[in-house]
Amino acid sequence: MSLLCNTGDWFTLGQGNAFRKIELYTMEWPGSINLEHMRVYAAPYGGPIAVVKDPKQFVKLDGGASTRPIIRIFNCVGKLLSSINWDCGNLVTLGWSDTEELIGVQDDGTIFLHDMFGNFVHKFSVGKDVTDVADARIFTSASGTGVAVMTSGFKIYILNNIKDPKSRPLSELLNLTSSLTCWEMVCKDRTTSCLLASGNEITLVRHGDNAFSNTTPAMRHDYQSISLLAVSFDHEHVALLTNTGCLWMGSWDLKRKYCEFATGRQEQANQLVWCIDGSTGPDGQAVIVCYAHLLLVVGASGESSVYTYDTPVALIPEMDCVRVLTNYCHELVQRVPPSTSKIFGINISEPASFLFEAHRKFRDRSHQSDEYLCLIQHRLPAAVADCVQAAGHEFDPSTQKCLIQAAYFGKSFLSGYDCTDYITMCRTLKVLNVLRDRNVGIPITIQQFNHLQPVVILDRLVFRKYYGLSIHIAKYLKLQETRILEHWAFQKITHDKNDDEVARKIAAKFSSAGLREPMSYANVADKAQQIGKTKLAITLLEMETKKKLQVPLLLKLGACEKALIAATQSGDIDLIYMAILEMKNTTALAKFHMTIRRYPLAQNLYKKYCQLNSLSTLKDIHSQEDDFLSQAELALREALQLGNLDASIPDISGNYRKAGKPVEADLADETKKLIRHQKLLQDKYQKDFFGLALHAMVRKLLQLGDQRYAEKLKSEFRMSDRRFWWLRVQTYADNYQWEELEKLGRAKKSAIGYEPFVEVCLAKQNVTEAKKYLPRCGEETKLKWYLRAGCYADAATIAFMQKDIDSLLKIHDHCNDSALMAKVENMIGQLSSKK
């Protein structure tokens with residue numbers, strides 16, 4: 001079927017390749033702008049347009065006009081954004097980076113970067129040896145935006161990324177002459193190459209290669225030179241125009257020829273650009289040749305179409321179309337998308353076309369709607385998908401609405417239809433229509449929108465200072481708003497003079513944003529610090545909730561005490577140490593100590609740091625604070641480490657007493673006496689007594705047989721009798737001095753009982769000696785020790801007297817004497833009968 005709707009500006013270049021021209025805007029150029037006398041440098045993706053007077057044309061100037069170039073920057077509607085009075089060197093060319101920064105190349109090799117509002121951003125030089133630039137190209141490389149310059153000596157230098165400007169010569173062996181007519185850059189497979197046209201030959205030089213390939217494009221028509229070269233936006237295709245007006249189209253490496261077309265025009269063309277649709281195949285591509293007032297569109301099949309204009313024309317190549325700029329209008333030329341062609345194409349019988357017609361009949365309340373639906377009953381999902389896609393490619397909101405309604409109509413007849421693509425398209429169209437509105441002036445296609453991604457689109461809106469619109473779009477698309485609010489805050493900080501008012505506005509805006517997580521003030525404060533507004537930066541940082549971001553910036557700003565307060569509030573040990581050490585390095589020592597005393601946590605951590613790194617500093621702190629207890633403990637620890645305890649004891653004891661610790665003070669005094677005895681004993685016996693505790697010293701003396709000195713130490717240090725007896729019993733047993741042990745047991749009543757005597761004897765496997773002390777053990781433990789000594793007969797007697805049947809049973813199990821076993825059985829029987 002045929003639908004003539006929306007096809008008035010379509011033209012066909014070969015079988016199935018329809019192109020269309022869409023008017024985007026009527027321009028609002030100032031009266032002084034006439035593209036006939038201007039050079040136009042436009043950024044892709046609906047970016048800003050830089051216009052500067054063509055230096056090759058003679059234009060009459062007013063009396064007060066300057067001869068220096070004035071660069072005017074407009075949006076896509078022709079609204080002036082900014083002006084730059086170029087008062088530097090001679091301007092060679094202009095261009096735009098992938099972040100929409102204006103790149104200006106001077107003849108002395110200096111490259112300037114400005115934003116779209118004319119603010120200077122950065123400048124750098126191509127190289128020390130590059131001082132005579134004659135021509136330049138700005139191109140998209142694999143690593144960013146690149147710049148290639150050609151000197152007057154025909155040497156080419158390349159920078160692949162202006163963010164990391166490292167220039168290299170294209171090739172040291174390349175020898176160019178004045179016969180060079182045109183050149184262009186190609187970036188393929190992460191390699192930068194250059195196409196150089198000299199006479200009827202084209203040389204392909206890869207960056208760093210020493211071998212070159214020269215190609216003479218085969219043409220049916222004779223020619224002497226190549227006047228124009230054009231590389232497609234995706235660097236897949238190359239077109240060239242000869243001096244005789246013959247157009248050649250082929251692959252980027254010149255190995256494949258698509259077609260050759262004789263324009264029949266001898267005049268010099270102004271521009272040569274590719275109009276591609278985003279696919280890599282050559283069939284759907286076209287080349288536009290721009291003359292003074294005429295556009296010649298040539299398809300890869302060799303067919304052409306002509307458009308004439310009353311005014312000069314400038315072409316802006318895009319990834320899926322070409323924008324046409326004139327004095328009066330802004331238009332777009334693109335290949336008709338397949339989904340659109342399926343609906344509005346001539347003699348089309350596609351399901352999407354029937355669905356669109358069915359919806360139109362349904363709105364007219366015609367029964368034919370059902371007939372059209374019956375024709376595509378099994379192909380309805382594909383028809384709905386085509387209507388959704390076609391809506392995305394349309395610029396007219398009413399056409400979009402008709403297509404979306406047709407898709408909605410069709411999906412209502414589908415069970416289990418996934419609405420994701422439909423909803424996404426509705427959201428995307430709403431955003432696209434806002435962006436294309438002339439008050440915003442960003443005429444991007446849906447393919448460009450999907451390529452850039454919404455986050456980049458939001459960034460570009462933010463750079464244009466459309467903050468309210470950016471926030472609305474971010475909320476609508478459910479994206480983060482933090483970067484938008486931060487950029488708005490940056491502008492406030494930069495341009496508003498009242499710091500207190502700026503801080504209040506930023507705090508109010510951030511708190512009312514309604515975000516899931518609170519906005520961070522750290523980046524905004526850092527920006528304020530960069531432009532010298534330190535007080536404002538500190539004020540903003542005081543509202544920061546993330547201490548890990550707040551503390552380092554406060555330290556950087558010199559607000560050390562505020563940073564210390566924030567760090568202690570966080571409880572983060574690393575942050576507290578960061579603040580302490582920075583404050584110590586940047587503050588007078590006395591002031592540092594006075595400040596840190598007000599924050600107990602920080603002071604305790606600083607003391608711990610000093611304990612590990614500077615004991616002298618720790619001593620000074622304890623002395624200033626009259627912390628006698630800490631002084632005593634520190635002195636004791638240091639004396640123990642240095643082995644100088646004897647000399648330090650008086651100070652340690654005195655500090656303990658000042659701290660109200662009499663017990664510790666007395667222990668320190670006794671330690672001093674103990675050390676004195678250790679020295680005497682060491683001199684007397686020539687054995688090491690230093691470092692021994694009182695218990696160990698007494699035991700060692702007993703082992704040496706010096707009981708008198710041991711008793712002296714016992715008396716002087718008030719050792720308990722039980723401990724002293726234990727030491728004597730253990731020492732005699734260790735030395736196998738059984739006679740001395742027996743004398744000790746008979747001398748007087750034992751302070752520890754006689755069980756330890758039995759225990760040490762049994763430990764040394766001396767049962768005979770143990771039996772001497774068994775009768776003297778306590779009644780409650782006697783039976784246990786008789787059993788451990790293996791004296792079962794006596795143990796049986798004691799158990800019988802204590803009426804302990806369980807013990808008798810245990811004796812019966814362990815003894816091997818039959819007589820004793822009979823006796824034990826008799827005892828058990830007697831005790832059992834009494835029960």
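Note that the structure is a prediction, hence the values are computed from the model and not measured. (Residues numbered from 1 in each chain as written. Predicted model: local features only at pLDDT ≥ 70, side-chain atom pairs only at ≥ 80, totals over all residues. Heavy atoms only, no water.)

### Looking at the pairing of strand E27 (residues 314–317)
Consideration 1: Summarising the sheet, E27 and strand E28 (residues 322–325) pair through four bridges and their orientation is antiparallel. Along E28, the bridge assignment pairs Ile-316 with Arg-323.
Consideration 2: Between E27 and E28, which follow one another and run antiparallel, lie four residues. (Pairing = 2+ DSSP bridges. Helix = DSSP H or I, 4+ residues; strand = E, 2+ residues; numbered from the N terminus.)

### Considering the state of the cysteines
Consideration 1: This structure, assessed with the given rule, holds zero disulfides.
Consideration 2: In this structure Cys-246 is not part of a disulfide, and its nearest cysteine sulfur, from Cys-259, lies 9.2 Å away. (Disulfide = S-S within 2.5 Å.)

### Quick word on helix H3 (residues 368–375)
Consideration 1: Where H3 is concerned, the buried positions are Ser-369, Tyr-372 and Leu-373. Along H3, the residues classed as buried sweep out an arc of 100° about the axis, all on the same side.
Consideration 2: Buried residues belonging to H3 abut helix H2 (351–363), helix H4 (380–393) and helix H5 (397–411). (Buried < 20%, exposed > 50% of the residue type's maximum accessible area, 1.4 Å probe, protein only. Arc of directions from axis to C-beta. Contact = heavy atoms within 4.5 Å.)

### With respect to the packing of aromatic side chains
Consideration 1: The tally for this structure, following the rule as stated, stands at 13 aromatic pairs.
Consideration 2: Ring geometry for Phe-11 versus Phe-19: centroids 5.9 Å apart, planes at 20°, classification stacked.
Consideration 3: The exposure class of Phe-11 is buried, given its relative accessible area of 8%.
Consideration 4: On the basis of an interplanar angle of 35° and a centroid distance of 4.8 Å, the ring pair of Phe-362 and Phe-409 is categorised as tilted. With Phe-362 in helix H2 and Phe-409 in helix H5, this pair connects stretches of sequence that are 47 residues apart.
Consideration 5: On the basis of relative accessibility, which here comes to 49%, the residue Phe-362 falls in the partly exposed class.
Consideration 6: Residue classification places Phe-409 among the buried residues on the basis of a relative accessible area of 8%.
Consideration 7: One aromatic cluster is present, formed by Phe-11, Phe-19 and Tyr-307 through successive ring pairs.
Consideration 8: The positively charged end of Arg-137 is found above the aromatic ring belonging to Trp-183, 4.7 Å away from the centroid. (Phe/Tyr/Trp six-rings, centres within 6.5 Å; stacked < 30°, edge-to-face > 60°. Lys NZ or Arg CZ within 6 Å of the ring centre and 35° of its normal.)

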